[in-house]
Structure formats: structure tokens, C-alpha cells
Amino acid sequence: MSTVLADAIARDLLALRAVVLRPNDPFTWASGRLSPVYTDNRLTLGDPAVRGRLIDGFRQLASAFEVSMIAGTATAGIPHATLLADRLELPLVYVRSAPKGHGRKNLIEGASVSGHRVLVVEDLVSTGGSVLAAAEALRANGATPVAALAVFSYGLAAATEAFQEGMLPLRTLTSLEALLRVAEEDRTLDADSLAQLHAWRRDPAAWSQERGGAG
């Protein structure tokens, strides 16, 4: 993804408050870890212009791969996957985080994935665990996961290592690096706040522990 487009989408996310940067009043994740960043890319679905730019970007990223099916991760990846599959005129499935508790107890919903080359679509990548679990489920059902696409990534070292180990290429429309670049250019954050965000990105566990949160 070009820097120009990554920065444009970063500005969209900040304008919609789909990504909020709050280093001096951090958010608490379910794990108890403190974070200066909060992400809710579902907010992009309410803006047709932004939604269109995201799908245009996904289509551009998808053009680098030979695929025959799109898979969304439940639940946040499903809308983006649906729009992309429609644009590319490809079959669509979605992968649950756990098998359905009744009926056929499906983990993957939709058509058979066997024999398909699949592009996995997610909205946010933090550690990469949900995307890689979806890819493994697809493999177990006879598909070949080709790559993962996401709207936004924190760009954490743990995620980079996980995708390398999982042998799954990851492409994102924008990243925390782009958001910080845009915030600095637009002067929406002061130097201390930017420094705190860079420190968190380098070592999220240590940043949280220094402020009384879980590591």
C-alpha cells in the first residue's frame, strides 16, 4: 500500500474516531493491559465514502494474489469481506472464533472451502491470533490461505513474528506508524504524546506495567 493512501485512510480513521489516540488517559483492554490506542473500525461502515475507499484499497491489495474465495473473520471482518467479495465477484465464507454451539456446529459458514485459494479479511490486527486461527481452520478444511488483509495494524513485533511463523503474508491499508506520522504532520498530538505512543509500540507490556496495568 502506498504511503499516500495509507496516510489518507489514517486520516479517515482519526476523523471518524475509529482509532483514538489517548496516551495520557489510556484505555484498559480485557486482559487488564493499558493501551494508549483504541480501535473500532466498525465506525467506518457508517460512512459510504470511507467505506468505499477501504474496499478500493482492499481490491488493490487483493490484485497481488491469485485467489478464488474471500473469508471474513467473525465478526468484525465480515462486512469488509462481504463488500470485497461482491466487488471481486468471488464466493464468500466467514470463520467463527469457535464452532457454533448447536445445529451443524460449523466453524466455517458458507460454501465448501475445499480446494479454494482464500484471502482472509480482518478489520484490526493486534497480535494476529484471530487471523491465524481462521487461516488454520481453513487449512484444516482443505483450503489454501494465500494472504491476510486488514484495515489497520498496530505493527507490533509479536504480530510480525506470528505471521512469519504462520507463513501467511499480511497486507494492511494503514497502520499505527501511518497514524502517528499523520498526527505529527497535522499537529494533533504534542511531542510527549507522540513519544509515549512510540514507546508503547516498541514494548506494549512494559508501557502498561509502568502505568499500573497488566503486562
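Keep in mind the model is a prediction, meaning the values are calculated, not measured.

Rules behind the numbers
- Note on numbering: residues in each chain are counted from 1, in written sequence order.
- Reporting in this predicted model follows two pLDDT cut-offs: at least 70 for local features of residues, and 80 or more for side-chain atom pairs to be given and counted; totals over whole chains, interfaces and linings ignore these cut-offs and use all residues.
- With hydrogens and water stripped out, all remaining heavy atoms of the structure feed into the side-chain values.
- A run of H or I in DSSP counts as a helix once it spans at least four residues, and a run of E counts as a strand once it spans at least two, with each numbered from the N terminus.
- Atoms considered for the radius of gyration are the C-alpha atoms alone. The globule rule reads 2.2 Å times the number of residues to the power 0.38.
- Relative accessibility thresholds used throughout: buried, under 20% of the residue-type maximum; exposed, over 50%; partly exposed, between the two (1.4 Å probe, protein chains only).
- Residue burial considers only the protein chains on display, and all accessible areas are found by Shrake-Rupley using a 1.4 Å probe.
- Positive residues here are Lys and Arg, negative ones are Asp and Glu, while His and the chain termini are left out of the count.
- A single reference atom marks each charge: NZ on Lys, CZ on Arg, CG on Asp, CD on Glu.
- By this rule the span expected of a helix is its residue count minus one, scaled by 1.5 Å.
- Two residues qualify as a contact provided that any one of their heavy atoms is within 4.5 Å of a heavy atom in the partner residue.
- Strand pairing is assigned whenever DSSP identifies at least 2 bridges connecting the two strands.
- By nonpolar core is meant a set of buried Ala, Val, Leu, Ile, Met, Phe, Trp, Tyr and Cys residues that side-chain atoms within 4.5 Å join together.
- Taken from the helix axis, the directions to the C-beta atoms give the arc we talk about.
- Interaxial angles span 0 to 180 degrees and are taken between N-to-C directions of axes, which are lines fitted to C-alpha atoms, for helices over the stretch in contact.
- Relative orientations are named as follows: roughly parallel for angles under 35 degrees, roughly antiparallel for angles over 145 degrees, roughly perpendicular for angles from 65 to 115 degrees, and oblique for any other angle.
- In this classification, Asp, Glu, Lys and Arg are treated as charged, Ala, Val, Leu, Ile, Met, Phe, Trp, Tyr, Cys and Pro as nonpolar, and every other residue, Gly included, as polar.
- Only one rule defines a salt bridge in this text: a Lys or Arg side-chain nitrogen within 4 Å of an Asp or Glu carboxyl oxygen.

### Re the overall build of the chain
Counting its regular elements, the chain contains eight helices and ten strands. The C-alpha radius of gyration of the chain comes to 18 Å, within 12% of the 17 Å expected for a compact globule of 215 residues. Here the chain, with 215 residues, has 45% of them falling under the buried criterion. When the accessible surface of the chain is summed, it comes to about 10400 Å², and 49% of that surface belongs to carbon and sulfur atoms. Looking at charge distribution, the chain has the averaged site of its 21 positive side-chain charges lying 5 Å from that of its 23 negative ones.

### Some details on helix α1 (residues 3–16)
In this model, α1 (14 residues) spans 20 Å end to end at C-alpha, consistent with the 20 Å of a helix rising 1.5 Å per residue. Three or more residues of α1 are buried, namely L5, A6, D7, I9, A10, D12 and L13. Of the surrounding elements, those touching the buried residues of α1 are β1 (19–21), α2 (48–62), β9 (144–153), β10 (170–175) and α6 (176–186). Taken from the residues just after α1, R17 is the one with a positive phi, measuring 60 degrees.

### Comments concerning the pairing of strand β5 (residues 69–73)
Burial of β5 is extensive: five of the five residues sit out of reach of the surface. Along β5, one buried face is formed by M69, A71 and T73 and the opposite face, lined by I70 and G72, is buried too. In this sheet, strand β8 (residues 117–125) lies alongside β5 in parallel orientation, the contact comprising four bridges. What sits directly across from I70, in β8, is L119. Where β5 lies against strand β6 (residues 92–95), four bridges are found, and the strand directions are parallel. Residue pairing in the sheet places A71 in a bridge with V93 of β6.

### Focus on the nonpolar core
Ranked by internal contacts, the top residues of the largest apolar core, which has 44 residues, are L21, V37, F58, L119 and F152. Secondary-structure elements contributing two or more residues to this core are α1, β1, α2, α3 (77–88), β8, β9, α6 and α7 (191–202). Core analysis: the second largest hydrophobic core is formed by 22 residues, L132, A162, F163 and L168 among them.

### Focus on α3
Along its twelve residues, α3 runs 16 Å from first to last C-alpha, staying within 8% of the 16 Å computed at 1.5 Å per residue. Looking only at α3, the buried set comprises G77, H80, A81, L84 and A85. The buried side chains of α3 occupy one side of the element, clustering within an arc of 130 degrees when seen end-on. On its buried side, α3 packs onto α2, β5, β6, β8 and β9. Positive phi shows up at E89, right after α3, with a value of about 55 degrees.

### Focus: the environment of Y154
As for its position among the elements, Y154 is in the loop between β9 and α5 (157–165). The residues contacting Y154, other than those within four sequence positions of it, are W29, V37, T39, L124, V125, S126, L176, W200 and R201.

### Digging into the packing of α6 against α7
Each pair of packed helices can be summarised by the angle the axes make with each other and by the distance between the axes. Orientation of α6 relative to α7, taken along the N-to-C sense of each, is 170 degrees, at an axis distance of 11 Å. By the angle class used here, α6 and α7 are roughly antiparallel. Within the contact between the two elements, α6 uses L176, E177, L180, A183 and E184 and α7 uses L194, L197, H198, W200 and R201. By residue class, the composition of the contact of α6 with α7 is six nonpolar, one polar and three charged.

### Quick word on the pattern of salt bridges
The full count for this structure, using the stated rule, is ten salt bridges. We note a salt bridge from R11 to D186, for which the minimum N-O separation is 3.0 Å. Of this pair, R11 sits in helix α1 while D186 sits in helix α6; the two residues are 175 residues apart in sequence, bridging distant segments of the chain. On the basis of relative accessibility, which here comes to 32%, the residue R11 falls in the partly exposed class. What you see here is one network of salt bridges that share partners, running through R11, E185 and D186.

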